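# Commentary on secondary and tertiary structure
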Amino acid sequence: MAEVSIESVTKVYPGGVVAVKDASLRVDDQEFLVLVGPSGCGKSTTLRMIAGLEEITEGLIRIGNRVVNDVPPKDRDIAMVFQNYALYPHMTVYKNMAFGLKLRGYPKAEIDTRVAEAAKILGITSLLDRKPKALSGGQRQRVAVGRAIVRKPAAFLFDEPLSNLDAKLRVEMRAELAKLHHRLQTTTIYVTHDQVEAMTLGDRIVVMNDGVIQQVAAPLTLYDYPANIFVAGFIGTPPMNFLDGALRREGDRTYFAADGIKVKLSRDLAGRVEAHTGKEVTFGVRPENIMVKGHIEFAEDENVVGSQVVVVEPLGDEQIVYLQAGGQDFIAKVDSHVSLEVGDTVNMIFDVSRVHIFDSATGINVSVREPASVV
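Bear in mind that the values here come from a model prediction, so they are computed numbers and not experimental data. (Residues numbered from 1 in each chain as written. Predicted model: local features only at pLDDT ≥ 70, side-chain atom pairs only at ≥ 80, totals over all residues. Heavy atoms only, no water.)

### Brief notes about the overall build of the protein chain
- Along the protein chain, the regular secondary structure elements total 9 helices and 20 strands.
- Expressed as lengths along the three principal axes of its C-alpha atoms, the size of the protein chain is roughly 80 × 45 × 35 Å.
- Counting across all 375 residues of the protein chain, residues that qualify as buried make up 49%.
- Summed over all atoms, the accessible surface of the protein chain reaches about 17600 Å², with 51% contributed by carbon and sulfur.
- Each charge class in the protein chain can be summarised by its mean position, and for the 42 positive and 48 negative side chains these summaries are 10 Å apart. (Helix = DSSP H or I, 4+ residues; strand = E, 2+ residues; numbered from the N terminus. Buried < 20%, exposed > 50% of the residue type's maximum accessible area, 1.4 Å probe, protein only. Areas by Shrake-Rupley, 256 points an atom, 1.4 Å probe, with all protein chains shown as cover. Lys, Arg positive; Asp, Glu negative; His and termini not counted. Charge placed at Lys NZ, Arg CZ, Asp CG, Glu CD.)

### Let's talk about the nonpolar core
- Membership of the largest hydrophobic core comes to 45 residues, with the highest contact counts inside it found for Met 97, Val 145 and Tyr 190.
- Setting aside its immediate chain neighbours within four residues, Val 145 contacts Val 81, Leu 122, Phe 158, Leu 177 and Leu 180. (Core = buried A, V, L, I, M, F, W, Y, C linked by side-chain atoms within 4.5 Å. Contact = heavy atoms within 4.5 Å.)

### With respect to the pattern of salt bridges
- Throughout the structure, instances matching the rule amount to 14 salt bridges.
- Between Lys 74 and Asp 75 there is a salt bridge, with the nearest N and O atoms lying 3.3 Å from each other.
- Residue classification places Asp 75 among the partly exposed residues on the basis of a relative accessible area of 36%.
- For the salt bridge of Arg 267 with Asp 252, the shortest nitrogen-to-oxygen distance reads 3.2 Å. Residue Arg 267 is located in helix H9 (residues 267-272), and its partner Asp 252 is located in the loop between strand E11 (241-250) and strand E12 (253-258); the two are separated by 15 residues in the primary sequence.
- Given a relative accessible area of 47%, Asp 252 falls into the partly exposed group.
- Salt bridges sharing common partners tie together Lys 11, Arg 48 and Glu 54. (Salt bridge = Lys/Arg side-chain N within 4 Å of Asp/Glu carboxyl O.)

### What about the packing of aromatic side chains?
- The tally for this structure, following the rule as stated, stands at 9 aromatic pairs.
- Centre to centre, the rings of Phe 32 and Tyr 190 are 5.7 Å apart; their planes meet at 40 degrees, and the pair counts as tilted. Separated by 158 residues along the polypeptide, Phe 32 in strand E3 (residues 32-36) and Tyr 190 in strand E8 (residues 187-192) bring together distant segments of the chain. Pair check on accessibility: Phe 32 and Tyr 190 agree, each one buried.
- Measuring from ring centre to ring centre gives 5.9 Å for Phe 330 and Phe 350, while their planes differ by 40 degrees; the resulting arrangement is tilted. On the criterion of sequence distance, the pair formed by Phe 330 in strand E18 (residues 328-335) and Phe 350 in strand E19 (residues 345-350) is long-range, its members being 20 residues apart.
- Its relative accessible area of 3% is what places Phe 330 among the buried residues.
- Taking relative accessible area as the criterion, Phe 350 reaches 5% and is therefore assigned buried.
- In this structure an aromatic cluster arises from ring pairing among Phe 32, Phe 156, Phe 158 and Tyr 190.
- The ring of Tyr 223 carries Arg 286 above its face, with NZ or CZ at 4.2 Å from the centroid. (Phe/Tyr/Trp six-rings, centres within 6.5 Å; stacked < 30°, edge-to-face > 60°. Lys NZ or Arg CZ within 6 Å of the ring centre and 35° of its normal.)

### Some points on helix H4 (residues 137-149)
- The terminal C-alpha atoms of H4, which comprises 13 residues, lie 18 Å apart, in line with the 18 Å expected from a rise of 1.5 Å per residue.
- The element H4 is largely enclosed, with a buried count of 10 among its 13 residues.
- Turning to H4, its buried residues number three or more, namely Gly 138, Gln 141, Arg 142, Val 143, Ala 144, Val 145, Gly 146, Arg 147, Ala 148 and Ile 149.
- Where H4 is buried, its residues touch strand E6 (78-81), helix H2 (93-103), helix H3 (108-122), strand E7 (155-159) and helix H5 (167-184). (Expected span 1.5 Å × (residues − 1).)

### Considering the pairing of E19
- With respect to burial, E19 is a largely interior element, 5 of its 6 residues being buried.
- In this sheet, E19 lies alongside strand E15 (residues 290-293) in antiparallel orientation, the contact comprising 4 bridges. By the bridge assignment, Lys 293 is partnered in E19 with Asn 347. (Pairing = 2+ DSSP bridges.)

### Focus on the layout of surface pockets
- What the largest pocket holds in volume is close to 480 Å³.
- Lining the largest pocket are 22 residues, and of these Met 80, Phe 82, Arg 104, Arg 147 and Arg 151 lie nearest its centre.
- Of all the secondary structure elements, the ones that give two or more residues to the lining of the largest pocket are E6, H2 and H4.
- For the lining of the largest pocket, the element with the most residues is H2, which contributes 6 residues.
- Of the residues in the lining of the largest pocket, the class split is 16 nonpolar, 2 polar and 4 charged.
- Here the second largest pocket is characterised by a volume of approximately 200 Å³. (1 Å grid on protein atoms, 1.4 Å probe; cavity = no way out; pocket = protein on both sides within 12 Å on 5 of 7 lines; lining within 4 Å. Points joined across faces, edges and corners; volume = space filled by probe spheres on them. Nonpolar A, V, L, I, M, F, W, Y, C, P; charged D, E, K, R; others polar.)

### Considering the sheet that holds E7
- Strands sit in the order E6-E7-E8-E3-E9-E10 across an open sheet of 6 strands; the sheet is mixed. In the strand order of this sheet, the two ends are held by E6 and strand E10 (212-217), each with one partner. For this sheet the average axis-to-axis angle between neighbouring strands, irrespective of direction, equals 15 degrees.
- On top of the sheet, H4 reaches E6 and E7; it is set at about 175 degrees to E6, its chief contact. (Axes fitted to C-alpha atoms, helices over the stretch in contact; angles between N-to-C directions.)

Listed below in structure tokens is the structure:
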């Protein structure tokens, strides 16, 4: 086990394509760190540079106290699990798991012991004599993880390991990986495009976009205190609602105003965004922080917006409601027992204690209550 760090790492491909730009990051010993972001954001490239499968253009990579820029992958004391499992089809499960140890010259008795221990942990002891073609996707993934476990490396690297599995199996394997990390306590760096995986697995999450680290924080910190519009829109399902407008002062109160929509900010929030009064801003509110009511008594409230239901998506315990108001589209997440139909005229009530204000020019969240970690 070891700390892993990258310092001012940049990756430029031929033709001047910048895949990762000046990235700095520290992964603590025994930590489970998740890199997340859309396709092409640089997360897999970052992982592959740590593994030694991609050369870095600039910067330093350390595993433990050792700079590994020029160390070949096999000598970095890491084990990687790939998206496509990368199992040898002609070998049994046992031989797949033992192959790396055999190459390193471990005695057969120790190989047998390590393979047996890993197989027991993963529940695949009965599969050791089978070949990959006789395994399900979930079983193959367990074998791939087992092959990494037997190495007892300083760090595990996972590159979207669950993306080939169906939804139900993905949930099961996610729980298995969480239990495995709790048991082994090995430093782990995990890449995914699935924010649910990121939120449920990571001690901390690194959000990337266009090769740049946007924010590094614990899952709930990312959700409650996103550093900028990108993070706010990426974390959360459905995504945060955004509305462009301006902050206005009327008497002793501050309002967000856009076409046909006016929201009175709480005094606490108004104090935090005071410097942006009179400026163009972006108002953000999560779907779960919008209440939908059809009762007329709410109509006079300053933070109630009349709207029309466009689409209703029932999901069992809740429903996703698409609304239009003031020429703007909104998404709300409400209890499934609220009776709503397409065409209904309803009132949206914003929870003003949970809204965010972003600087329109920079995208920075100017309403955060605490510093948002960026490295």
